[in-house]
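Overview (structure and organization)
These are the residues of each chain, in order.
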Amino acid sequence: MNPQERTPLFTGVVEHAKQNPVQFHIPGHKKGQGMDPEFRQFIGENALSIDLINIGPLDDLHAPHGMIKEAQSLAAQAFGADHTFFSVQGTSGAIMTMVISVCQPGDKIIVPRNVHKSVLSAIIFAGAVPVFIHPVMDTTFGIAHGITTSAVRTALEKHPDAKAVLVINPTYFGVVANLREIVELAHSYNIPVLVDEAHGAHIHFHPDLPESAMEAGADMSATSLHKLGGSMTQSSILNVKGNLVSPTRVQAVISMLTTTSTSYILLASLDTARRQLALHGKEMLAQTIRLANQARNQINQIPGLYCMGQEIVGSEATYALDPTKLTIHVSELGLSGYQVEKWLREKYQIEVEMSDLYNILCIITFGDREKEIQLLISALQKLSQEHYNNQSITKVPIYLPEIPVLSLLPRTAFYSEVERVPLKEAAGRTIAEFIMVYPPGIPILMPGEIITQENIRYIYENVESGLPVLGPEDTTLEYVKVIIKHSAIQG
Ligand SMILES: Cc1ncc(COP(=O)(O)O)c(C=O)c1O
């Protein structure tokens, strides 16, 4: 028997529930009996029967030794890792674990400027010093790709004492850098590579998809099984490989960040998602890739629409593309991505993954069939018939803000006393909050950085162009929170 056919955790909880034990433990709904009847009926008895807690026979995610340990080992085997840790706190929890496992207070970590907020949160928790790298911008789509090997090389030459390099691979839009090359470079400095693989849970399972973090030799990857791997929302995995990172340290950190009431429904869904990927991933993904490519070709024949494809591949930042992501550029229709998202919802009950000023993003997974794809195509054809020939929207050139000077550790800034000052007069002050512009979703300022006149001009320029500037408590952007300057007390 192929060991990947086994689901020790899922089978274990189901067998336990079948024995119908009398429960004097939490959860207090006790197999649903004590639950609001409408919800109980809706959710169903099966789900409630395995909504259990870490009693003796069911192992413990905080110190796995039984069915959870076995399930994690099978996942490690499937993903080509030495160790896999299950997360019931999403990939955010796994990312924070990666960063905190390798960074101590004052340690440097090399990260792209467009990282997910969980990376920035972890930098604050760890007291680490971020060394930012600008991602490469795509001027057609107005989105950020990944970071290049050359940029990582420059960062490592300047900061050979960094404790880790973090890479987003693939990006939300399915673009990857030459991860293997970045890993080899970082390893030549004995520095581990941590991969935010939130959008790449499936790529390990089909040879036509970009190389996964573990295949490329990375040391850790936070991989959202719930996004594209078929498990339930909030469940994720953290893969560890090689000897630059201590798995016992990772276990200790993930445990510190995890609830003691871990959901067995989420854990069991990780176990079965892994089985499905390991046994059937290749054939299921072959079909997914076929459907996505078919959709891409059809979309590219619709007047006014452009769906990103393999033609973007070939630069240092665009080493390969995951074809299952449909990034559809809509500005030639005279509409923004937001307007198209709303139009699809209202007219066709279609919900896209996300939209920005110029694009919508649709993800195709092995949950899709021909029927859904054709519905999307018909909707987009109708959209084009209604809107093409209108003028295309005036495109705002999207360029990157300068990365400001960090005057305080983000953690120190986070814990400092703050005051609100008018943004117009804030040059020279140290900011205590985030300000970012979306697209491209890159922080203009983060806690601890010194605001410059150039930053203020950039913010106002973006607001005037209609680009959403987000982050500060004062959403009107009139005021900004800065660190209080204490002047000397007069004697
Ligand atoms: C690039 C990236 N990293 C990390 C995450 C966090 O994943 P999760 O929602 O599973 O916590 C996301 C979520 O959207 C993401 O887009």
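The preceding data block contains the structure.
Since the structure is predicted, the reported quantities are computational estimates derived from the model, not experimental observations.

Conventions used here
Residues numbered from 1 in each chain as written. Predicted model: local features only at pLDDT ≥ 70, side-chain atom pairs only at ≥ 80, totals over all residues. Heavy atoms only, no water. Helix = DSSP H or I, 4+ residues; strand = E, 2+ residues; numbered from the N terminus. Contact = heavy atoms within 4.5 Å. Phe/Tyr/Trp six-rings, centres within 6.5 Å; stacked < 30°, edge-to-face > 60°. Buried < 20%, exposed > 50% of the residue type's maximum accessible area, 1.4 Å probe, protein only. 1 Å grid on protein atoms, 1.4 Å probe; cavity = no way out; pocket = protein on both sides within 12 Å on 5 of 7 lines; lining within 4 Å. Points joined across faces, edges and corners; volume = space filled by probe spheres on them. Pairing = 2+ DSSP bridges. Axes fitted to C-alpha atoms, helices over the stretch in contact; angles between N-to-C directions.

Right, let's get into the environment of Ala201. Here Ala201 lies in the loop between strand 8 (193-197) and strand 9 (220-223). Separated by 15 residues in sequence, Ala201 and Ala186 have C-alpha atoms that sit 23 Å apart. What Ala201 contacts, discounting residues up to four positions off in sequence, is Phe79, Thr223, Ser224, Leu225, Leu228, Gly229 and Leu277.

Here the focus is the packing of aromatic side chains. Enumeration over the complete set of coordinates arrives at five aromatic pairs. When the centroid spacing of 5.0 Å and the interplanar angle of 90 degrees are considered together, the rings of Phe79 and Phe205 count as edge-to-face. You can see Phe79 sitting in helix 4 (residues 67-79) and its partner Phe205 sitting in the loop between strand 8 and strand 9, a full 126 residues away along the chain. Overall, Phe205 belongs to the buried group, its relative accessible area being 10%. Here the aromatic rings of Tyr172 and Phe173 are separated by 6.0 Å at their centres, their planes lie at 45 degrees, and the arrangement is tilted.

Empty space among the atoms becomes visible once a probe the size of a water molecule is rolled across them. Across all of its chains, the model carries three cavities of 30 Å³ or more by this definition. Its volume calculated, the largest cavity comes out at about 60 Å³. Considering the residues around the largest cavity, the lining is formed by Leu61, His62, Gln72, Phe85, Phe86, Ser87, Gln251, Ile254, Ser255 and Thr258. Secondary-structure elements contributing two or more residues to the lining of the largest cavity are strand 1 (83-87) and helix 10 (247-256).

In a beta sheet, neighbouring strands are held together by backbone hydrogen bonds and run either parallel or antiparallel to one another. Read from one edge to the other, the open sheet built from three strands follows the order 18-17-19, with strand pairing classed as antiparallel. Every other strand in the sheet has two partners, leaving strand 18 (442-445) and strand 19 (469-470) as the edge strands with one partner each. One ladder, built from two bridges, connects strand 17 (residues 435-437) with strand 19; its direction is antiparallel. Among the inter-strand pairings, Val437 is bridged to a residue of strand 19, identified as Val469. Contacts from helix 15 (residues 453-464) reach strand 17, strand 18 and strand 19, with the element oriented near 130 degrees to strand 18.

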